[in-house]
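One letter stands for each residue in the lines below.
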Amino acid sequence: MSEPLIRLKGIERRYQSGEQEVTVLHPLDLCIQAGEMVAIVGASGSGKSTLMNLLGCLDRPSGGQYLFRGQDTAHLDALALARLRCHHFGFIFQRYHLLPHLDAAANVEIPAVYAGTSRTDRQARARALLSRLGLADRSHHRPGQLSGGQQQRVSIARALANGGEVILADEPTGALDSHSGKEVMAILKELHAQGHTIILVTHDMAVANHADRIITLRDGRVVEDSTQAKAATTANPADQIASLLDGRVVEDSTQAKTVTTTKAATTANPTEQIVSQPDEQKVEASPQATAATTAARAASQGWDRYREAARMALHAMLAHRMRTFLTMLGIIIGIAAVVSVVALGQGARAKVINDINAMGTNTIDIFPGKDWGDEKAASIQTLNERDLDALLGQPYLEGASPQIATSGQLRFRNKSSSGNVVGVGSDFFRVKGMTLTQGRLLDERDIQNRTAVAVVDGKTIESLLGKEDPIGQVVLVGTLPVRIIGVVTQETGFGRSSQSVSIWLPYSAVMSRLISQNHFSQITIRVKDGIQPALAEQAAVALLTQRHGVKDFFTFSSDSIIKSVEKTTATMTLLVSAIAVISLIVGGVGVMNIMLVSVVERTREIGIRIAVGARQSDILQQFLIEAVMVSLLGGLLGIGLALLIGFVFSLFVESFQMHFSLFSILMAFGCSSLIGILFGYLPARNAARLDPVEALARE
Ligand code: ADP
Ligand code: MG
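Position labels on residues start from 1 in each chain and follow its written sequence. Each chain is given a letter, starting from A, and each ligand a number, starting from 1, according to the order in which they appear as written. Residues qualify for local features only when their pLDDT is at least 70, as the model is predicted, and side-chain atom pairs are given and counted only at 80 or more; totals for whole chains, interfaces and linings, by contrast, use all residues. Values shown for side chains rest on all heavy atoms present in the structure; no hydrogens or waters enter the calculation.

## Remarks on the nonpolar core
Then comes step 1: Among buried residues, the Ala, Val, Leu, Ile, Met, Phe, Trp, Tyr and Cys ones that are joined through side-chain atoms within 4.5 Å form a nonpolar core. For the exposure calls, accessible area comes from a 1.4 Å probe over protein chains only, and a residue counts as buried if that area is under 20% of its type's maximum, exposed if over 50%, partly exposed in between. Ranked by internal contacts, the top residues of the largest apolar core, which has 70 residues, are Ile6, Leu8, Phe89 and Ile199.
Then comes step 2: The next biggest cluster of nonpolar side chains, apart from the first, holds 42 residues, and it includes Tyr396, Leu505, Phe520 and Phe553.

Written out as structure tokens, the structure is:
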């Protein structure tokens, strides 16, 4: 006789339980020929399921050899074993082990997905198998909507999805009523008649008697192996199924049509039998396909697997919507925070730079002292009118305006207020980007004549003059009566605090009539168009340093304002991003936590998937895709939330808008997928490494 399909040589299985080792299967030899129908019987706990798991390559023996078609399975790695299970074995379990969130057809398709069958092929096959088993009208029912017998028939269809050369049925009738049990047995017998190898575990002799051969186990040893005379049931098994199904028809007349057609099809044209001959796989694989089409097929299979994994991930996410959403929340908040803060920073920066540009980028302020906050600055008196004259004589400058700031009591009739009293040149208002709204500005004559006239802004009018027409009114600055000649507004909110009351006088008037001081607190110079501000600044610095003999002043240009604003926004963005990164990590840990829970919760599902042929990489991929999908969706919602914040912001804040850059959105996207991969990996790997036997035993 040729090499048997299955040959066990001294196979044994021991379990480590605590300190001691328990031998569940004692070394046993066993041969099973292709096409046999074998029943393994024995009391509960005798090792039947253990033997079955070894036969189905779900479990590895502790000793001995298992040859499948002459090939030692000990030499096969996890991947090869998965392929063996996928293409050659079909499992049927006592508790059906269907995936509850998938409908019957989708359950039947699972092994074909892992075998890489194309979508259309496997859908057609699932449909055909289900109608062959009398479930055509139940293919879109979920397991929960099916009776036990129907569920078991779905699981038989699943076992046949990839051909089911060897059917391993562990107590297939154990959970069924006697009628459904008979139905299932009739189907198994028909499959046997068609050439499938059937290995059946049962503790029920009535069930075992359907088999040609009965192997009896007791305490992990084969105590009897009897081949019995052909059973008394002489009837053609196909007819028997049909009659059984017909029996069901009587109870449910609407199904009569389906069943009779099925029966007609089976009997009329045996070559079209849907329940395939075991050899079908090999016929299909006949090497007529060229390398190119094989490659294309492999590519489409890879894509198909991804799509299936994504679909399954989506199912899982939908099944736990609330939990998925809460998991995402960390990521949503993190991403929304990063995106909107970056947008806010960009918007503020754009606004400031815009303001400065409107003001003119070609002004440079010169202050006494080394830098801002120099304590000696107040005692430096070198910045004076002669410096101003020298600067005004420079060909690269268009103008220069000094400032001399002091503060004083302002009085108008019976109202008084303290305010900034600033002595300025005639260029001042233009240089600072202020616009005249009423009256006139200070001019050269006012400066030369030290006239006691002043320009004010809206704030001053509001707090001092009330509703009076300001032009021509006389205000007391200290003891000096000053006539108001003009009103200005400062469009940009930058530079001067618009909250304070300010009054601008000719600097000459301030210096001679208000305070006795002949040095300025600031000179603002304006660079001619077409000359680089940086060069002009250098020249002005050189000039003043030479005049003073020492550099006792510092310059501040709008260029440096822009630079410092950019530096500040960059620092702020970095800071907030760091906080956001922390929140994203927290979000990622949330994802990991939920994924770990999900793996534990779905242990049985993972076991089922491995049993029907999923490779470790399939399981890893599925959970990884799920983690990535959760965080990617979280990222998307986060971006949406940020855009919403931007919209609401634009409704309430008019002065500037948030700027969303494509870059920051893409970064957010990239970050969230990375989080999914990073934090999803550990749970996914845990899932992939589960022991299928233990996983299946889990309730
Ligand atoms: P049967 O299917 O015949 O009822 P099993 O094959 O499930 O029996 O179990 C046979 C024996 O192996 C039982 O005594 C059981 O307690 C033991 N057993 C099964 N799995 C394990 C395990 N993972 N660790 C320790 N003992 C186990
Ligand atoms: Mg068992």
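## Let's talk about the packing of aromatic side chains
Then comes step 1: Aromatic pairs are defined between Phe, Tyr and Trp rings, using the six-membered ring for Trp, whenever the two ring centres lie within 6.5 Å; interplanar angles under 30 degrees are classed as stacked, those over 60 as edge-to-face, and all others as tilted. All chains considered together, the criterion is met by eight aromatic pairs.
Then comes step 2: Plain terms: the ring middles of Phe367 and Phe554 are 5.3 Å apart, the flat faces sit at 25° to each other, and that makes the pair stacked. Here Phe367, found in strand E11 (residues 363-368), pairs with Phe554, found in strand E20 (residues 553-557); they are 187 residues apart in sequence, far enough to count as distant. Grouping residues by exposure puts Phe367 and Phe554 together as buried.
Then comes step 3: Aromatic side chains Phe428 and Phe429 sit 5.3 Å apart centroid to centroid with 85° between the ring planes, which places their arrangement in the edge-to-face category.
Then comes step 4: The class of Phe429 is buried, set by a relative accessible area of 0%.
Then comes step 5: Members of the aromatic cluster, each reached through a chain of ring pairs, are Phe428, Phe429 and Trp504.
Then comes step 6: Positioned over the ring face of Tyr15 is Arg13, at 4.4 Å from the centre of the ring.
Then comes step 7: In this structure, Lys551 is placed above the aromatic ring of Phe553, and the distance from its NZ or CZ to the ring centre is 5.2 Å. Secondary structure follows DSSP: runs of H or I at least 4 residues long count as helices, runs of E at least 2 residues long count as strands, and numbering of each begins at the N terminus. Remark: a charge is flagged as sitting over a ring if the NZ atom of Lys or the CZ atom of Arg is within 6 Å of the ring centre and within 35 degrees of the ring normal.

## What to know about the confidence of the model for the chain
Then comes step 1: pLDDT expresses, on a scale from 0 to 100, how confident the predictor is about each individual residue. In the predicted model, the chain carries a mean pLDDT of 83, and 88% of its residues have values of at least 70.
Then comes step 2: Taking the mean pLDDT of every element in the chain, the minimum, 37, falls on helix H9 (residues 256-268) and the maximum, 95, on strand E7 (residues 166-170).
Then comes step 3: Contact criterion: two residues are considered in contact whenever any of their non-hydrogen atoms come within 4.5 Å of each other. In the model, residues 230-289 has pLDDT below 50 throughout and makes 63 contacts with residues more than four positions away in sequence or in other chains.
Then comes step 4: Note that pLDDT drops below 50 for residues 493-497; the model gives that stretch eight contacts with residues more than four away or on any other chain.

## Looking at the site of ligand 1
Then comes step 1: By convention in these notes, a residue is near a molecule or strand provided one of its non-hydrogen atoms lies within 4 Å of it. Every residue lining ligand 1 is accounted for by Tyr15, Val24, Ala43, Ser44, Gly45, Ser46, Gly47, Lys48, Ser49 and Thr50.
Then comes step 2: Pairing of N or O atoms within 3.5 Å defines a polar contact, subject to two protein rules: one partner must be a possible hydrogen donor and the other a possible acceptor, and residues neighboring in sequence count only if both atoms are side-chain atoms. Between Ser46 and ligand 1, the recorded distance is 3.3 Å, taken from a backbone N or O atom to an oxygen atom.
Then comes step 3: Here Gly47 contributes a backbone N or O atom positioned 3.1 Å from an oxygen atom of ligand 1.
Then comes step 4: A total of 560 Å² of accessible area belongs to ligand 1 in isolation, and the protein chains cover 59% of it.
Then comes step 5: In terms of residue count, the dominant contributor to the shell around ligand 1 is helix H1 (residues 48-55) (three residues).
Then comes step 6: In terms of residue class, the shell around ligand 1 is made up of three nonpolar, six polar and one charged. In these tables, accessible area is a Shrake-Rupley quantity obtained with a 1.4 Å probe, and a residue counts as shielded only by the protein chains included in the view. Residues are grouped as follows: nonpolar covers Ala, Val, Leu, Ile, Met, Phe, Trp, Tyr, Cys and Pro; charged covers Asp, Glu, Lys and Arg; every other residue, Gly included, is treated as polar.

## Looking at the sheet that holds strand E2 (residues 20-32)
Then comes step 1: Strand pairing is assigned whenever DSSP identifies at least 2 bridges connecting the two strands. The four strands lie next to each other as E2-E1-E4-E5, forming an open sheet whose pairing is antiparallel. At either margin of the open sheet sits one strand with a lone partner, and together these are E2 and strand E5 (71-72).
Then comes step 2: Inspection of the sheet shows strand E1 (residues 6-17) paired to strand E4 (residues 63-68) by five bridges, in the antiparallel sense. Across the sheet, the residue bridging to Ile6 is Phe68, located in E4.
Then comes step 3: Note on method: axes are straight lines fitted to C-alpha atoms, helices fitted across the in-contact stretch only, with angles between N-to-C directions ranging 0 to 180 degrees. Of the strands in this sheet, E1, E2 and E4 are in contact with H1, which crosses E1 at around 120°.

## Here we look at helix H13 (residues 385-392)
Every α-helix winds through 3.6 residues per turn, so residues three or four apart in the chain are directed the same way.
Then comes step 1: Within H13, the full set of buried residues consists of Asp387, Leu388, Ala390 and Leu391. Projected down its long axis, H13 carries its buried residues within an arc of 160°, all on one side.
Then comes step 2: Looking at the buried residues of H13, the elements they touch are E11, strand E12 (397-412), helix H17 (507-514), strand E19 (522-527) and helix H18 (533-548). Read the arc as the range of directions from the helix axis to the C-beta atoms.

## Side note on the environment of Ser178
Then comes step 1: As for its placement among the helices and strands, Ser178 is situated in helix H6 (residues 178-193).
Then comes step 2: Look at Ser178 and you get exposed, because its relative accessible area is 58%.
Then comes step 3: For the pair Ser178 and Gly149, spaced 29 residues apart in the sequence, the C-alpha separation amounts to 9.8 Å.

## Some details on the sheet that holds E7
Then comes step 1: Here we have six strands laid out as an open sheet, ordered E6-E7-E8-E3-E9-E10, and mixed in their pairing. Sheet topology places strand E6 (89-92) and strand E10 (221-227) at the edges, where each strand pairs with a single neighbour. Between one strand axis and the next, the sheet turns by 15° as a mean value, whatever way the strands run.
Then comes step 2: In terms of strand pairing, strand E9 (residues 213-218) meets E10 through six bridges, oriented antiparallel. In the strand pairing of E10, Ile215 is matched with Asp225.
Then comes step 3: The strands touched by H6 are strand E3 (37-42), E6, E7 and strand E8 (197-202); relative to E8, the strand with the most contacts, the crossing angle is about 150°.

## A word on the pattern of salt bridges
Then comes step 1: Throughout this description, the term salt bridge denotes a Lys or Arg side-chain nitrogen within 4 Å of a carboxyl oxygen of Asp or Glu. Inspection of the entire model under this criterion finds 21 salt bridges.
Then comes step 2: For Arg602, the salt bridge is made with Glu626, and the minimal N-O distance between the two is 3.0 Å. Remark: Glu626 occurs in helix H21 (residues 616-652) and Arg602 occurs in the loop between helix H19 (558-601) and helix H20 (603-611); sequence separation between them is 24 residues. Comparing Arg602 with Glu626, the two get one shared label, buried.
Then comes step 3: Three or more residues are tied together by salt bridges with common partners; here these are Arg602, Glu605, Arg609 and Glu626.

## Quick word on the packing of H19 against helix H22 (residues 662-688)
Then comes step 1: Between H19 and H22, whose axes approach to 9 Å, the crossing angle comes to 30°. In terms of orientation, H19 and H22 fall into the roughly parallel class. Our pair here, H19 against H22, has a crossing hand that is right-handed. Counting all contacts with H19, which are made through Leu584, Ile585, Gly588, Val589, Met592, Met595, Leu596 and Val599, the residues of H22 involved are Cys671, Ile675, Phe679, Leu682, Pro683, Asn686 and Ala687.
Then comes step 2: Here the residues of the contact of H19 with H22 are counted per class, giving 13 nonpolar, two polar and no charged. Comment on the angle field: the value is read as roughly parallel under 35 degrees, roughly antiparallel over 145, roughly perpendicular from 65 to 115, and oblique elsewhere. Handedness of a helix crossing follows the sense of rotation of the near helix relative to the far helix, less than a right angle counterclockwise being left-handed and clockwise being right-handed.

## Concerning a nonpolar patch on the surface
Then comes step 1: The grouping of Met322, Phe325, Leu326, Leu329, Ile333, Leu633, Leu636 and Leu637 at the surface amounts to a nonpolar patch, some 710 Å² of accessible area in total.
Then comes step 2: Mapped onto the nonpolar patch, the elements with two or more residues apiece are helix H12 (321-359) and H21.
Then comes step 3: Here the element with the most residues in the nonpolar patch is H12; it accounts for five residues.
Then comes step 4: Assessed through its relative accessible area of 57%, Met322 is described here as exposed. The residues that make up patches have over 30% relative accessible area and no salt bridge, and they are joined within 9 Å when like-charged or within 5 Å when they are Val, Leu, Ile, Met, Phe, Trp or Tyr.

## Observations regarding the pairing of strand E17 (residues 480-490)
Then comes step 1: Note: strand E14 (residues 434-439) against E17, five bridges, orientation antiparallel. Residue pairing for E17: Gln438 is matched across the bridge by Val487.
Then comes step 2: Two strands pair when backbone bridges link them, and strand E15 (residues 453-457) and E17 are joined in this way by five bridges, in the parallel orientation. Note on E17: the bridge partner recorded for Val456 is Val487.
Then comes step 3: Alignment of strand E16 (residues 474-477) against E17, held across four bridges, turns out to be antiparallel. Pairing of Leu476 across the sheet is with Pro481, part of E17.
Then comes step 4: If you look at the hairpin formed by E16 and E17, you'll find two residues sitting between the two strands, and Gly478 has a positive phi there, around 65°.

## Some points on the side chain of Thr197
Then comes step 1: With respect to the secondary-structure elements, Thr197 resides in strand E8.
Then comes step 2: Polar contacts involving the side chain of Thr197 include one to the main-chain amide nitrogen of Gly35, which spans 2.8 Å.
Then comes step 3: When neighbours within four sequence positions are excluded, Thr197 is seen to be in contact with Leu5, Ile32, Gln33, Ala34, Gly35, Glu36, Glu165, Val166 and Ile167.

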